[in-house]
Amino acid sequence: MTEPLIELRGVSKSFGSNKVLDRVDLTIHQGEALGIIGPSGTGKSTILRVIAGLLAVDEGEIYVRGVRRTGLIEDAADSVGIGMVFQQAALFDSLTVEENVGFLLYQNSKIARSRIRQLVNTKLEMVGLPGIGELYPSELSGGMRKRVSFARAIMSNPESDQQGPELLLYDEPTAGLDPIASTVIEDLIRHLQCSQGVCSTYAIVTHQDSTIRRTADRVIFLYQGRVQWQGTVDEIDSTDHPLIRQFMSGSVHGPIQVVG
Ligand SMILES: Nc1ncnc2c1ncn2[C@@H]1O[C@H](COP(=O)(O)OP(=O)(O)OP(=O)(O)O)[C@@H](O)[C@H]1O
């Protein structure tokens, strides 16, 4: 098998006395669509932030295409471009859609405004929202805001060698959306995976059944700081693993402790 794009080896992370990740091993290969599921508060977003290089770990090693990462992403860029779509769309309300999507280029490059506008428009078209650059986030629906945040995550700098992120990390991209708006987002995630030159690999954290089934090929189940199960999306239905059976049925009875 080829070298993984990302590999976590024995990664642990605590917040105070709360040990959220406990010697987690995880690999993501080129072209994979990985679903990360598990009960609330079990460390799914934390894993994404670790993979993105936004959060330091207490123990363990992170390899990016076989090269050990030391420090955070701000210390040294990885050889693999990573884009992250946060749980909340996290747009700046006082900026237009265009300024939000092109934010990093406006801030960190000397590229002409007209060129950035062109690049932004291309990305807005890719997420199915052409011509909305002049609008403000408050004028958009929740689903549109999510799509704008996708456009921002896949923006690339034409002055750099990287065409765009090779790995996209989605944190609950369909949370709070109705079933149809969720389908639009799920289709978009798959479509972006297949678009040439953009993010053919992704990891997605989700609680939504339809999103797990429609966007993931392989799934890992996280609980009590560990990867407790992994399998294909079809195996979710056939496994008799008690954690998966309880989680997918939503039962309050079983090995998963119900909080609250
Ligand atoms: N910056 C932080 N400081 C302190 N505690 C944190 C921090 N970030 C996360 N935590 C704690 O770590 C645990 C895991 O949080 P995380 O957001 O990774 O869980 P999750 O599985 O994504 O949850 P959910 O499904 O509810 O979004 C929680 O108990 C959370 O309170």
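Residues numbered from 1 in each chain as written. Predicted model: local features only at pLDDT ≥ 70, side-chain atom pairs only at ≥ 80, totals over all residues.

- Looking at an unreviewed UniProt entry, the protein chain carries the name ABC transporter-related protein, with the source organism given as Tolypothrix tenuis PCC 7101.

## Points about unusual backbone geometry
In step 1: One non-glycine residue, Arg65, lies in the positive phi region at around 45 degrees.
In step 2: Assignment of secondary structure puts Arg65 in the loop between β4 (59-64) and β5 (67-68).
In step 3: Judged by local crowding, Arg65 falls into the partly exposed class, with 15 C-beta atoms found within 10 Å.
In step 4: Of note, Gln224 is a non-glycine position whose phi angle comes to about 50 degrees, a positive value. (Helix = DSSP H or I, 4+ residues; strand = E, 2+ residues; numbered from the N terminus. Buried ≥ 20, exposed ≤ 12 C-beta atoms within 10 Å, placed from the backbone.)

## Some points on the pairing of strand β1 (residues 6-15)
In step 1: As defined by bridge partners, β1 adjoins strand β2 (residues 18-28) across 7 bridges and the pair is classed as antiparallel. Across the sheet, residue Val11 finds its bridge partner in β2, namely Val24.
In step 2: The turn linking β1 back onto β2 is made up of 2 residues, and Gly16 within it adopts a positive phi angle of 60 degrees.
In step 3: For β1 and β4, the ladder comprises 5 bridges, and the chain directions are antiparallel. Counterpart to Leu8 in the pairing with β4 is Ile62. (Pairing = 2+ DSSP bridges.)

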